[in-house]
Amino acid sequence: MKVKTEKSENRKALPKFFLTMLGSLLAGGFLGFLVGFSRILGPDTGEIGRWLDGTLRAATPWGIPVTSALTMGACFLLYRSAAKKFAAWGGGDEDDVSQSVEVLLSWALLLSAVQLLLSLFFMTAIGTYQPEKGVLAMVGVFLLSCACVIFTQQKVVDLERRMNPEKHGSVYDAKFQKKWLDSCDESERLQIGEASYRAYMVTTRVCLGLWMVLTVLGMVFEIGMLPVTVLLLVWGLMQVTYTLECIRLSKNGMAAQ
């Protein structure tokens, strides 16, 4: 019975699989046609690259302060709104109020994480372009932005701990994630697991899409193999880590039984 079920599921999945493969082949063929057409028309890809490079070079000195002002300002407004709702809530049984506070804090954490990535990006741009003036000031703004991100995340965690006294951990602690996870209950752990799996699936699809984009761009621009190599290295590390962790958790489960 089990073998019949597996064969039935395979037969149901095969048409969709073949359609997906066909769509991928058609998309690849279309992209190849565009690449060939672009070579026939002969666009000045070097000029496009120089324009993009010049735009990024001009934006680099202002990237960190402008993005930090926007994201940290939004984080401040979100945190203040959450703090006001928490103060008015007073620890009652209103689930809607506590949930709205959680959502506001989650958005503040998300924006702070995005700002950290933006700061790292523009710091790399500073090191790449090496402006003749103001480098020390730019580095100082970078450090200040990182400090604001960490401070914001700690304020969010502190408010979360006031809402849930059973939670433990400090952002300043190197083992914060582990301590925080250990203090979560079963439903929260399940939520974290589902969110992590969703992130894993989305990242897998994004890596595949980026591989296709970089492969096509490599036919038009002289970007070399380094971007694809780094992408596949990160993608492979994620895949191997995920699989090894599944094996470890499976062994622990068998040992517990």
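A. View of the overall build of the protein chain. Within the protein chain, the regular secondary structure consists of seven helices and zero strands. If you list the helices and strands of the protein chain from N to C, you get α-α-α-α-α-α-α. Evaluated residue by residue, the protein chain yields a buried proportion of 22% over its 257 residues. For the protein chain, the share of sequence-separated contacts (at least 6 apart) that also reach a separation of at least 24 residues comes to 62%.

B. Expanded view of the packing of aromatic side chains. For the coordinates displayed, the defined rule picks out four aromatic pairs. Where Phe-176 meets Trp-180, the ring centres are 5.6 Å apart and the plane angle is 45°; that geometry is what we call tilted. Of the two residues, Phe-176 and Trp-180 both sit in helix H5 (residues 176–182), four residues apart, roughly one turn of that helix. Both residues of the pair, Phe-176 and Trp-180, count as buried.

C. Geometry of the nonpolar core. Counting residues in each nonpolar core, the largest one holds twelve residues, listed as Leu-78, Tyr-79, Ala-82, Phe-86, Trp-89, Val-101, Leu-104, Leu-105, Ala-108, Val-156, Leu-159 and Met-163. Secondary structure elements with two or more residues in this core: helix H2 (45–89), helix H3 (95–129) and helix H4 (135–163). No other element matches the five residues that H2 contributes to this core. Those residues in contact with Ala-108 that lie beyond four places of it in its chain are Cys-75, Leu-78 and Val-156. Within the second largest apolar cluster, seven residues are counted, among which are Tyr-200, Cys-207, Leu-214 and Met-238.

D. Seen up close, the side chain of Ser-145. Assignment of secondary structure puts Ser-145 in helix H4. In contact with Ser-145, not counting residues within four places along its chain, are Ile-64, Ser-68, Gln-115 and Ser-119.

E. Just the pattern of salt bridges, in detail. Applying the stated criterion across every chain, the model contains five salt bridges. We note a salt bridge from Lys-179 to Asp-173, for which the minimum N-O separation is 2.5 Å. Salt bridges linked by common partners bring Lys-178, Asp-182 and Arg-189 together as one network.

F. Quick look at a nonpolar patch on the surface. Residues Val-103, Trp-107, Leu-110 and Val-114 make up a contiguous nonpolar surface patch of about 360 Å² in total accessible area. Within the fold, Val-114 resides in helix H3. For Val-114, a relative accessible area of 36% corresponds to the partly exposed category.

G. Expanded view of the environment of Thr-215. Its place among the elements puts Thr-215 in helix H6 (residues 186–220). Among the residues examined, Thr-215 registers a relative accessible area of 31% and is labelled partly exposed. Each C-alpha atom, one on Thr-215 and one on Val-228, is 7.6 Å from the other, the two residues being 13 residues apart in sequence.

Conventions adopted
- Residues numbered from 1 in each chain as written.
- Predicted model: local features only at pLDDT ≥ 70, side-chain atom pairs only at ≥ 80, totals over all residues.
- Heavy atoms only, no water.
- Helix = DSSP H or I, 4+ residues; strand = E, 2+ residues; numbered from the N terminus.
- Buried < 20%, exposed > 50% of the residue type's maximum accessible area, 1.4 Å probe, protein only.
- Contact = heavy atoms within 4.5 Å.
- Phe/Tyr/Trp six-rings, centres within 6.5 Å; stacked < 30°, edge-to-face > 60°.
- Core = buried A, V, L, I, M, F, W, Y, C linked by side-chain atoms within 4.5 Å.
- Salt bridge = Lys/Arg side-chain N within 4 Å of Asp/Glu carboxyl O.
- Patch = residues over 30% accessible without salt bridge, like charges linked within 9 Å, V, L, I, M, F, W, Y side chains within 5 Å.
- Areas by Shrake-Rupley, 256 points an atom, 1.4 Å probe, with all protein chains shown as cover.

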